[in-house]
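# Chains, contacts and geometry: an overview
Okay, here's what each chain looks like letter by letter:
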Amino acid sequence: MNKKSGSLSVMCVLCILVFFSCKSNEANQDLKPLYAEPLTAEEALKKFELDPNFEIQVFAAEPYIMDPVDLAFDENGVAYAVGMPDYPFPPKPGEEKGNIRALLDLDKDGRIDSSIVFADKLSEATSILPWKGGLIVTAAPDILFLKDTNSDYKADIREVLYTGFYKANSEAQITSLRYAVDNWIYANNRGQAGEISAPDAPNVSPINMQGADFRFRLDLKKFEQETGPGQFGQTINDWGHRFFTENSIHIQESVIPWRYTHRIEYLKNPRAILNISDHDPIMYQKSETPYWRQARTDARNVNFKKQGSKQIEYARDHFTGASGGTVYSADAFPKEFYGNVFTGDVAGSLVHRDVLNLDMQSAVYTAKRAAAETDKEFLATTDSWFRPVGFTVGPDGYLYVIDYYRQHIETPMSIPDSLKKDMDFMRGSDMGRIYRIVPKGKKAITDFPKLSEMTAAQLLPYLGNGNQWYRLQAQRLIVAKQDKTVTDALKQIVKTTNNSLERLHAIYTLDGLQALDTAAVKTALADAAPGVREHGLILAERYPELAAEIGRLALNDPSTRVSLQATLSIGNSKNKQLAKDILLQVAEKHAGKNSWYKTAVLSSPEGSSTAFFKALLDRQTFFNGFVPDKGALIEDYSGIIAARNNPAEVVTLLKQMDALTVDPQWKYAIVKGLSKAYSTGKIKISPATLKELEKLKSSPSKDIADTVAKYLKIKEAKK
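Residues numbered from 1 in each chain as written. Predicted model: local features only at pLDDT ≥ 70, side-chain atom pairs only at ≥ 80, totals over all residues. Heavy atoms only, no water.

Glancing now at the overall build of the protein chain. The number of helices and strands found in the protein chain is 21 helices and 28 strands. In terms of C-alpha radius of gyration, the protein chain reaches 30 Å, essentially the compact-globule figure of 27 Å for 719 residues. Within the protein chain, buried positions represent 56% of all 719 residues. Contacts in the protein chain between residues far apart in sequence, at least 24 positions, make up 64% of those at least 6 positions apart. (Helix = DSSP H or I, 4+ residues; strand = E, 2+ residues; numbered from the N terminus. Rg over C-alpha atoms; globule rule 2.2 N^0.38 Å. Buried < 20%, exposed > 50% of the residue type's maximum accessible area, 1.4 Å probe, protein only. Contact = heavy atoms within 4.5 Å.)

Time to look at helix H20 (residues 687-695). Along H20, the residues classified as buried are Thr689, Glu692 and Leu693. Here the buried residues of H20 occupy an arc of 100 degrees about the axis, which is enough to place them on one side. The outward face of H20, more than 90 degrees from its buried face, is lined by the exposed residues Pro687 and Lys691. (Arc of directions from axis to C-beta.)

To continue, consider the packing of helix H12 (residues 547-556) against helix H14 (residues 576-589). Where H12 contacts H14, the two axes come as close as 9 Å, and the packing angle between them is 5 degrees. Taken together, the axis directions place H12 and H14 in an arrangement best described as roughly parallel. Packed against H12, whose contacting residues are Ala547, Ala548, Gly551, Ala554, Leu555 and Asn556, the element H14 presents Leu578, Ile582, Gln585, Val586 and Lys589 at the interface. When its residues are assigned to classes, the contact of H12 with H14 shows seven nonpolar, three polar and one charged. (Axes fitted to C-alpha atoms, helices over the stretch in contact; angles between N-to-C directions. Parallel < 35°, antiparallel > 145°, perpendicular 65-115°, else oblique. Nonpolar A, V, L, I, M, F, W, Y, C, P; charged D, E, K, R; others polar.)

Moving on, we come to the sheet that holds strand S6 (residues 114-122). Taken in spatial order, the four strands make up an open sheet running S3-S4-S5-S6, and their pairing is antiparallel. Each end of this open sheet is capped by a strand with a single partner; those strands are strand S3 (68-73) and S6. On average, each strand axis in the sheet is inclined to that of its neighbour by 20 degrees, with strand direction left out of account. Pairing analysis gives five bridges linking strand S4 (residues 79-83) to strand S5 (residues 98-104), with the strands arranged antiparallel. Pairing of Val82 across the sheet is with Ile100, part of S5. (Pairing = 2+ DSSP bridges.)

Reading across the sheet, the four strands line up as S2-S28-S27-S26 and stay open at both edges, with antiparallel pairing between neighbours. If you trace the sheet from one side to the other, it starts and ends with strand S2 (54-61) and strand S26 (388-393), each paired once. Between one strand axis and the next, the sheet turns through 25 degrees on average, direction left out of account.

Glancing now at the environment of Trp258. Mapped onto the elements of the fold, Trp258 is located in helix H3 (residues 258-261). Counting along the chain gives 229 residues from Trp258 to Thr487, while the straight-line C-alpha distance between them is 31 Å. If we ignore the near neighbours within four places in the chain, the residues touching Trp258 are Gln210, Gly211, Ala212, Gln225, Glu226 and Thr227.

Right, let's talk about the nonpolar core for a bit. In this structure, Ile100 and Ile634 are the most contacted members of the largest nonpolar core, which totals 174 residues. With seven residues, the top contributor of residues to this core is helix H19 (residues 665-678). In this structure, Ile634 is in contact with Phe613, Leu616, Phe622, Phe623, Trp666, Ala669 and Ile670, ignoring residues within four places of it in sequence. (Core = buried A, V, L, I, M, F, W, Y, C linked by side-chain atoms within 4.5 Å.)

This next bit is on the side chain of Asp527. Within the secondary structure, Asp527 sits in the loop between helix H10 (518-525) and helix H11 (530-540). Here Arg503 takes part through its side chain, which lies 2.6 Å from a polar atom of the side chain of Asp527. If we skip the residues at most four places from it in the chain, Asp527 touches Arg503, Val532 and Arg533. (Polar contact = N/O pair within 3.5 Å; in protein donor to acceptor, adjacent residues only side chain to side chain.)

Take the pairing of S2 next. Successive residues of a regular strand alternate their side chains across the two faces of the sheet. For S2, the buried fraction is high: seven of the eight residues fall into the buried class. Bridging between S2 and strand S28 (residues 433-439) involves seven bridges; their strand directions are antiparallel. Each residue of the ladder has a partner; that of Ile56, found in S28, is Ile437.

Right, let's talk about the pattern of salt bridges for a bit. Applying the stated criterion to the full structure yields 42 salt bridges. The closest approach of N and O atoms between Arg369 and Glu377, which form a salt bridge, is 2.7 Å. For Arg369, a relative accessible area of 15% corresponds to the buried category. With relative accessibility at 6%, the residue Glu377 sits in the buried group. Put simply, Asp527 and Arg503 hold a salt bridge, and the shortest N to O gap is 2.6 Å. With Asp527 in the loop between H10 and H11 and Arg503 in helix H9 (residues 500-512), this residue pair connects regions lying 24 residues apart in the sequence. Through salt bridges with shared partners, a single network forms among Asp182, Arg215, Glu224 and Glu226. (Salt bridge = Lys/Arg side-chain N within 4 Å of Asp/Glu carboxyl O.)

Our next topic: the packing of aromatic side chains. Tallying each qualifying case throughout the model produces 34 aromatic pairs. With a centroid separation of 6.1 Å and an interplanar angle of 85 degrees, the aromatic rings of Phe333 and Phe337 are classed as edge-to-face. On the accessibility criterion, Phe333 (5% relative accessible area) is buried. Residues Phe623 and Trp666 carry aromatic rings whose centres are separated by 4.9 Å and whose planes lie at 80 degrees to one another, so their mutual orientation is edge-to-face. Of this pair, Phe623 sits in the loop between helix H16 (610-619) and helix H17 (628-644) while Trp666 sits in helix H19, placing them 43 residues apart in sequence. The exposure class of Phe623 is buried, given its relative accessible area of 4%. Through a chain of ring-to-ring contacts, three or more aromatic side chains come together here, namely Phe612, Phe613, Phe622, Phe623, Phe626, Tyr637 and Trp666. Its end group placed over the ring of Trp184, Arg215 keeps NZ or CZ at 3.6 Å from the ring centre. (Phe/Tyr/Trp six-rings, centres within 6.5 Å; stacked < 30°, edge-to-face > 60°. Lys NZ or Arg CZ within 6 Å of the ring centre and 35° of its normal.)

What follows covers unusual backbone geometry. Here Glu62 and Pro63 are connected by a cis peptide whose omega angle stands at 10 degrees. Summarising the element assignment, Pro63 is placed in the loop between S2 and S3. Residue Pro229 follows Gly228 across a cis peptide bond; omega there is 10 degrees. Relative to the helices and strands, Pro229 is located in the loop between strand S16 (222-226) and strand S17 (234-236).

Most of strand S9 (residues 142-147) sits inside the fold, with five of its six residues counted as buried. With six bridges connecting them, strand S8 (residues 134-139) and S9 associate as antiparallel partners. Pairing of Thr138 across the sheet is with Ile143, part of S9. As consecutive antiparallel partners, S8 and S9 are separated by two residues.

Moving on, we get to the side chain of Arg503. Exposure remark for Arg503: the relative accessible area of 10% places this residue in the buried category. Not counting residues up to four positions away in its chain, the partners in contact with Arg503 are Ile493, Val494, Thr497, Asn498, Asp527 and Ala529.

So, about the packing of H11 against helix H13 (residues 560-570). Think of two packed helices as two axes; the pair is described by the angle between the axes and how far apart they sit. As a packed pair, H11 and H13 sit with axes 9 Å apart at the nearest point and diverge in direction by 0 degrees. Relative to H13, the element H11 is oriented roughly parallel. Seen from H11, the contacting residues are Pro530, Arg533, Glu534, Leu537 and Ile538; seen from H13, they are Arg561, Val562, Gln565, Ala566 and Ser569. Broken down by class, the residue content of the contact of H11 with H13 amounts to five nonpolar, two polar and three charged.

Quick look at H13 now. Every α-helix winds through 3.6 residues per turn, so residues three or four apart in the chain are directed the same way. H13 sits mainly inside the fold: eleven of its eleven residues count as buried. Buried residues in H13 make contact with strand S19 (249-254), H3, H11, H12, H14 and helix H15 (596-602).

Read these as geometric descriptors, not functional statements.
Structure below.
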């Protein structure tokens, strides 16, 4: 080859390379990145679509806050935020980066311009609560108390209040601290197992948290399980009613507290919580579906189809990352927003609003969409990095939105390895925002009363404030001071104020001061507000002389919620005969109309006693006409009798069953309850019981005969 032809060949090759390089660049320019890039806080503001009555402002952003998961204002209005930068990977011991920052607005323009690390090296801290000049902190396996004693915004006291909580998964740890009107502090535990103890109470036996949430009172040195399980988000309304979020279920209500559903040993799987949404699981998302989620969903749906399953998974517009539900109980928003619950969905980059309704005939709330949001959300954005993990209502009455701001929020363990290779789960760990939502045209409020410097008497007017934040702070501070000089004033408030919430806070402030008496509780039992009567009943359990009044409300109160609480409360009465008589009447009057009464009756010692069924038979009215809810009560009752494993009780029940000459469905309910209990294989059946069951094989009721025959066949096969 000569030089000329060689040069020509080289030129041809170069031209070809340039051509394909240009084509490749053009293709790369047209190729959309798998995942979006972050926006500045100011850019992110422009992407929000919000209810037109409001505007959204930046309260804090990086570098003053990073990876925020909770925000709380102390009694003087100083904001503290929890940072959780380690997520989603558990930190190595000694390398924890969790922190709490005091957020400062030095120039008073409404935006944080300085922050000080209040505490660092925390193990996955998730929530905080102001307490006695410091902060209570959930940081599994502990609940801590941190306090700054020299006013430099840096904690120099660190105490472990409780320890033993589950630690393995940061999405299922102890979190969501909330101080309620009843002076208890509540926390979500996701039902995780753990043996919880208090270092300053070494003589108190640890409690097992399996299946439960947690509550405690530091002033009384009490701690116990609470109904759950809630996950990342808990809110408690004016009347002490708890609601919590759990991923795809964006709002559940805790209807019956743990202390009732677990006061007898053999009440199995008591119904205590409820999904109260009438519009689950739909949400309206503006952000794009992440590549990994669509790919995973498509693959799963292919597998479902191959398996012949009708199950369908959705990649968007369905709640999957509900978080931080918070009730709005303040007076800065229009009145129609009071009592609404705001919940984020971190996967959908949106904020959902629920309007809660509790009518007099219902024991539970209903969560509905607002009329203006039937096909949209209160707030949504096209910015897929927006991760609204929680909310806080501040002393200004505004709603603060805590934005974790990450490219990815999903835990890696739920994503296939083939998709994870293109994902950086720590992308955005140096970022984070907190927004403030205000009515349009409203400016930031930067100065607040210093409640910590007030006397108990000066704090009293705040018990009737239009913002729950002030009511709770004032109550907490008065109780902490233990200044009983305000006792008479509090009793006057209970009697004279027209503000029902002020009456409720006054009652529980008296309780916290150990100054409550029968007269104040009796006044509460006759209150015009159902919520005050409900709490009057809880407190009346301490006063035996009020048992008859509790019974009256159980049977006659026009509010189902109050009547249900009275039924629960009478079950704790020391007057056993009165309790049994009231529970019998409740079963006759209410059990066929509302299934919650079943649990209320059966959870009590008298309502699950061997004499209870016989008394129902003797009264004759309960069994006049079979209805499913009454049948369920009898079925669960027989299950309790079986679980107690007292042969004489079971034989007596089966013989009493013969007296049921009415609808055979009653007998079938008894047999079903016994069969379910025995089918677990944990109960050894006595010969006398087997003899009675054998008789039922020839029952004219096919349901009864088949159920008994099936059970006996299974038992025979196990020999």
